[in-house]
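Residues per chain are reported as follows:
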Amino acid sequence: MKKPVIGITPSHNTENDDISLRPTYLRAVQAAMAIPVVLPLEITQEDLGQLVHMCDGFLFSGGPDPHPFLFGEETQAHCGNASVARDTMELLLLKAAMAAGKPILGICRGAQIINVGLGGTIYQDIPSQTERSFPIAHKQPFPYPVPSHHVTVLKDSLLAGIAAGQTELAVNSFHHQAVQTPAPGLTVSAYAPDGIIEAVEMQDYPYLLGVQWHPEHMWPKDRAAANIFKSFVEACR
C-alpha cells in the first residue's frame, strides 16, 4: 500500500538561522503509516505550490510565538521570540494547502498559527492576560510524555470521534500562548479546566484539527494521542 506523504513545518533558530524538528513528530507520523518530510522555510511561492501538490497533508509543528502584528496587536511584555521567516512560510503554506483541500493538523504553535492565519487572535501570554482562581500549569514541570491536566472534549466534534467516546483527555502542556478568539469557520472542540481553548477544528473542511497539547510525545502509551495521528494520516490517503 502506498503511504501518504506528510509535510511538516520546522522550527527556526533566529540566532544561527538553523532549522530543526524534534524526531518525535517524525516517529508519530511514521507509526501512523505515513512518510514524514521536513519542509524548507526559504521557498518561492511557485515551489511551495509544487510541494503542496506533492504532499498529501501538512502538519504545522510546535515552536516559538507568532509575531503579534499578524493578529493586529502590539507586542505584549511577556511575548517570546518570533521568526518572521517561519511565520511567512507557514501562512503561505496554510493558504495554499487549504486552497488544495489538503488535510491539516496543527500542534501547539501550529494550532495558534492556523487560527491567526484564518483571522483569529491568540493570548500572547496566558498568565498575564487571564484571571484564574486555580492557575493550570500550561508549562508543566513534568517530562514531555507525562500528562499535566485534563481537557473536556465537546460532543459531535472531530476530536470526539478521534477520542472514541472519551469526554475527558489527560494531556501534556508546554505553552504560554493559546487561541483567544477562534477564527471565522473554526469551532472549539476542547477546553482546559481554566477555560483555555485546547482544540479547534473546521467542520466544513476535509480535515483540519489544531490541538494545544503535544500528542507526538504521548502516542506510544496514549490511545487518543495515537488516534490523532491515525485519523490525520487516514484523511491524507
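What counts, and at which threshold
- Residues numbered from 1 in each chain as written.
- Predicted model: local features only at pLDDT ≥ 70, side-chain atom pairs only at ≥ 80, totals over all residues.
- Heavy atoms only, no water.
- Buried < 20%, exposed > 50% of the residue type's maximum accessible area, 1.4 Å probe, protein only.
- Helix = DSSP H or I, 4+ residues; strand = E, 2+ residues; numbered from the N terminus.
- Arc of directions from axis to C-beta.
- Contact = heavy atoms within 4.5 Å.

Named according to an unreviewed UniProt entry, the protein chain is Gamma-glutamyl-gamma-aminobutyrate hydrolase family protein originating from Enterocloster citroniae.

Novice: Help me get a handle on helix α2 (residues 45–54), residues and values and all.
Specialist: Buried within α2 we find L48, L51 and V52. Each buried residue of α2 sits inside an arc of 100° when the element is viewed along its axis, so together they form one side. Counted as exposed and oriented over 90 degrees from the buried face of α2: E46, Q50, H53 and M54. If you follow the buried residues of α2, they end up packed against β5 (57–60) and α3 (84–99).

Novice: Tell me about unusual backbone geometry, and name the residues and values.
Specialist: A positive phi angle, close to 55°, is found at C108, a residue other than glycine. Residue classification places C108 among the buried residues on the basis of a relative accessible area of 4%. A positive phi is found at A164, a non-glycine position, where the angle reads about 55°. Position of A164 relative to the elements: it lies in the loop between α6 (158–162) and β9 (168–171). Note on A164: relative accessible area 44%, which makes it partly exposed.

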